[in-house]
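The primary structure of each chain is shown beneath.
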Amino acid sequence: MTLVSTLLVALALGCATSQPKTAADVVIVAGRVVTMDAKTAVLEPGAVAVAGTKIVAVGSPADVAASVDAKRTIDAPDSVLIPGLVNVHTHVPMTLFRGFTDGLSLEAWLQTKIFPAEKVGVTPESVRAGTRLGLAEMIRGGTTTYCDMYYFEDAVAEETKRAGVRGVLGETVIGFPVADAPDTDASLALTESFMKHWHDDPLIVAAVAPHSTYTVSADVLKKCRALANKYDAPLVTHFCETRAEVADVQKRFGKTPIAYAESLDLFSGRTVAAHVVHPTADEIAILAKRHVGVGHCPQSNMKLGSGAAPVPALLKAGIALGLGTDGAASNDDLDLFEEIDTAAKLQKLVALDPTAIDAKTVFSMATIGGARALGLDSKIGSIEVGKEADLVLVGGTRAGLVPRGDVWGFLAYIVKASDVQTVMVAGHILLERGVLTTIDESAAAREVTAWRAKIEAALPK
Ligand SMILES: [Zn+2]
């Protein structure tokens, strides 16, 4: 035996004997795996192995089979495996108010319909019911992480954890008496106990959620920031949603909303800003400089006639930009696949330019972009070894899905929420072959229907 052939035999034996296989709970083999890693690699076909809560291998089916010993394999040749979608802005209990209004501006919608309905209808029990239904809808639509702000957020967090979904959940602070607090002092105390309770939870990030610069005083906004920083938590709020809001804040405080917030040092910690429809160029620069994450909510902004956020300018400034549905009372659903489709087409329409934004960029906003906006991109948002196993299988063979064409256009314009087949969060399967594993959807729907009737009966005629 020559020296070279001896070495080759030794190498072959080494390969066969020195690499023990990685143990995994499940391997998913899909027709395509859209990783959303730094190279936006797409594997055709691809395989992803999961052990415990994490991704332990990503590669070709042959490579993963050679290196991983899995208890179970899910074969999905007609499907695309994507990172779980990230809904950067919603109010999940507001599924209670789905289909409640049409034809109202944000201001009229809040003052004449939503605030009165919340006054009579928001209780811990109604919030739980609305949350359960909203979670069922989000899981069915492939959303694995969402950012929320509402009242009785502790109940929202309990239901979210029970459902196995990941959440950045903000207890709302607003400048008038609400269902869970008679004043802002009580609200801040409630928020602090909420933060303490959920600190270091693996699925729930507790946040402070002052409603806006037009509904919360400067003093209380500063207290909200201090509270968030005390617990190293995000502050979640609304900004520049309508022209009327911008004019109102300008008139009252002499500055536009984001500039006003900057003057209060509101961005001296992690911040997630919803909407940002009407920022000035200076305000976009502030958001970029302060690393504020933004949640773009195109359908809600369209339905309330608020406007179209300057998405290309926000992206050009390097802002971490994700997509949100907003609540079901202004959308009227929690379907992120619709937001992806709408976000892409809206920018093309506004600019009268089909190249204004592309499908890949918008799909990125719904995954890794949303994760960045929430400050969670080291854990979620892409399919990479070491990240949490938040995975979604979407696709199938129904008529509307064929032919598929380019994968980015397929995910942005062709796939619907109803094409989501399997959903996993932190390695736990929450939806399999269309069946929810953690929520009794029929019961949740019945409860919300009963609450809605009760709320409508209690409203002044
Ligand atoms: Zn909102």
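Since this is a predicted model, take the numbers as computed values, not measurements.

Student: Would you mind going over the domain arrangement of the protein chain with me for this structure?
Tutor: Interface size is commonly expressed as the accessible surface area that is lost when the partners come together. In terms of domains, the protein chain is made up of domain 1 (20-83 + 382-436) and domain 2 (85-373). On the domain 2 side, the residues contacting the 28 residues of domain 1 number 26 residues. Where domain 1 abuts domain 2, roughly 2,200 Å² becomes buried across the two surfaces, and 69% of that area is made up of carbon and sulfur atoms. The largest contributions to the domain 1 side of the interface with domain 2 come from Met36, Tyr413 and Leu436, which together make up 25% of the buried area. On inspection of domain 1 and its partner domain 2, the count reaches two salt bridges. If you look at where domain 1 meets domain 2, you find five residue pairs in polar contact (both at pLDDT 80 or more). If you list the elements that add at least two residues to the side of domain 1 that touches domain 2, you get strand E5 (68-83), strand E14 (391-395), helix H15 (407-414), strand E15 (420-425) and strand E16 (428-432). At five residues, the largest contribution of residues to the side of domain 1 that touches domain 2 is made by H15.

Student: Explanation requested: the coordination of the zinc ion in the structure shown.
Tutor: Angles between donor atoms at a metal ideally measure 109.5 degrees for a four-coordinate tetrahedral arrangement and either 90 or 180 degrees for a six-coordinate octahedral one. The coordination sphere of the zinc ion, as far as protein atoms go, consists of His89 (NE2), His91 (NE2), His238 (NE2) and Asp326 (OD), spread over 2.0 to 2.6 Å. The sequence pattern formed by the donor residues of the zinc ion is H-x1-H-x146-H-x87-D. Of this pair, His89 sits in strand E6 (residues 85-90) while Asp326 sits in the loop between strand E13 (321-323) and helix H13 (336-351), and the two are 237 residues apart along the sequence.

Student: Would you take a moment to explain the pattern of salt bridges for this structure?
Tutor: Any two side chains of opposite charge can pair, on the condition that their charged atoms come close. For the coordinates displayed, the defined rule picks out 24 salt bridges. For Glu388, the salt bridge is made with Arg166, and the minimal N-O distance between the two is 3.0 Å. Of the two residues, Glu388 sits in the loop between helix H14 (359-373) and E14 while Arg166 sits in strand E8 (residues 166-173), which places them 222 residues apart along the sequence. Looking at Arg166, the relative accessible area reads 3%, which means it is buried. A salt bridge links Asp332 to Lys303; its shortest N-O distance comes to 3.0 Å. Placement of Asp332 in the loop between E13 and H13 and of Lys303 in helix H11 (residues 298-303) is noted, with a sequence separation of 29 residues between them. For Lys303, a relative accessible area of 23% gives the class partly exposed.

Student: Would you mind showing me how to read the environment of Asp154 here?
Tutor: Tracing the backbone shows Asp154 in helix H5 (residues 153-163). Owing to a relative accessible area of 27%, Asp154 belongs among the partly exposed residues under this scheme. The residues touching Asp154, leaving out its near neighbours within four places in the chain, are Glu171, Phe194, His197 and Trp198.

Student: Please clarify how the confidence of the model for the protein chain should be interpreted in this entry.
Tutor: Should the pLDDT be low somewhere, the predicted coordinates at that spot are not to be read in detail. For the protein chain, the mean per-residue pLDDT works out to 95, and 96% of the residues sit at or above 70. Note on residues 1-16: pLDDT is under 50 here. Beyond four places in sequence and across chains, it has four contacts.

Student: What exactly am I supposed to notice about the side chain of Thr215 here?
Tutor: Along the polypeptide, Thr215 turns up in the loop between strand E9 (204-210) and helix H7 (218-230). A relative accessible area of 15% means that Thr215 is categorised as buried. Here His211 takes part through its side chain, which lies 2.7 Å from a polar atom of the side chain of Thr215. Only 2.7 Å separates the side chain of Thr215 from the side chain of Ser212, close enough to count as a polar contact.

Student: Where do I start with helix H4 (residues 124-140) in this structure?
Tutor: For the α-helix, the turn length of 3.6 residues means that residues three or four positions removed from each other point alike. Here H4 spans 24 Å end to end across 17 residues, near enough to the 24 Å set by a 1.5 Å rise per residue. Taken across its 17 residues, H4 has 12 buried, putting it largely inside the fold. Where H4 ends, the next residue or the one after it, Gly142, has phi of about 85°, a positive value.

Student: Any chance you could explain H5 here in plain terms?
Tutor: Residues of H5 that are buried include every one of Glu153, Ala155, Val156, Ala157, Glu159, Thr160 and Ala163, and no others. Looking at the buried positions of H5, the neighbouring elements they touch are H4, strand E7 (143-150), E8, helix H6 (184-198), E9 and E16. The first or second residue beyond H5 is Gly164, which carries a positive phi of 85°.

Student: For this particular structure, what's the right way to read unusual backbone geometry?
Tutor: Outside of glycine, negative phi angles account for most residues, and trans bonds account for most peptide bonds. With an omega dihedral of -10°, the bond running from Glu44 to Pro45 counts as a cis peptide bond. Mapped onto the secondary structure, Pro45 falls in the loop between strand E2 (42-43) and strand E3 (46-51). In this chain, Val402 is followed by Pro403 through a cis amide linkage whose omega measures -10°. Within the chain, Asp200 stands out as a residue other than glycine whose phi angle is a positive 70°.

Student: Would you explain the packing of H13 against H15 in this entry?
Tutor: Helix-helix packing is described using two parameters, namely the angle between the two axes and the distance between the axes. The N-to-C vectors of H13 and H15 enclose an angle of 100°; their axes lie 7 Å apart at closest approach. When the axis of H13 is compared with that of H15, the two are roughly perpendicular. In contact with Phe337, Ile340, Asp341, Ala344, Lys345 and Lys348 of H13, H15 contributes Leu411, Ala412 and Tyr413. A per-class count over the contact of H13 with H15 returns six nonpolar, no polar and three charged.

Student: What am I meant to see in the state of the cysteines here?
Tutor: One pass over the full model with this rule turns up zero disulfides. Between Cys147, a free cysteine, and Cys297, which holds the nearest cysteine sulfur, the sulfur-to-sulfur gap is 9.9 Å. Among the residues examined, Cys297 registers a relative accessible area of 0% and is labelled buried.

Student: What should I look at first to understand the pairing of E3 in this one?
Tutor: Remark: a regular strand shows side chains that alternate across the two faces of the sheet. Along E3, five of the six residues are buried, which leaves the element largely enclosed by surrounding structure. Both strand E1 (residues 22-34) and E3 contribute to a ladder of five bridges, which runs antiparallel. Of the residues in E3, the one forming a bridge with Ala30 is Gly46. Pairing of E3 with strand E4 (residues 54-59) involves five bridges; the strand directions are antiparallel. Each bridged residue has a counterpart across the sheet, and for Ala49 the counterpart in E4 is Ala57.

Reading guide: rules and limits
- Residues numbered from 1 in each chain as written.
- Predicted model: local features only at pLDDT ≥ 70, side-chain atom pairs only at ≥ 80, totals over all residues.
- Heavy atoms only, no water.
- Domains from an automatic or database assignment.
- Contact = heavy atoms within 4.5 Å.
- Buried area = accessible area lost by both parts, 1.4 Å probe.
- Salt bridge = Lys/Arg side-chain N within 4 Å of Asp/Glu carboxyl O.
- Polar contact = N/O pair within 3.5 Å; in protein donor to acceptor, adjacent residues only side chain to side chain.
- Helix = DSSP H or I, 4+ residues; strand = E, 2+ residues; numbered from the N terminus.
- Donors = N, O, S within 2.8 Å, 3.2 Å for Na, K, Ca; no water.
- Buried < 20%, exposed > 50% of the residue type's maximum accessible area, 1.4 Å probe, protein only.
- pLDDT = per-residue confidence, 0-100.
- Expected span 1.5 Å × (residues − 1).
- Axes fitted to C-alpha atoms, helices over the stretch in contact; angles between N-to-C directions.
- Parallel < 35°, antiparallel > 145°, perpendicular 65-115°, else oblique.
- Nonpolar A, V, L, I, M, F, W, Y, C, P; charged D, E, K, R; others polar.
- Disulfide = S-S within 2.5 Å.
- Pairing = 2+ DSSP bridges.

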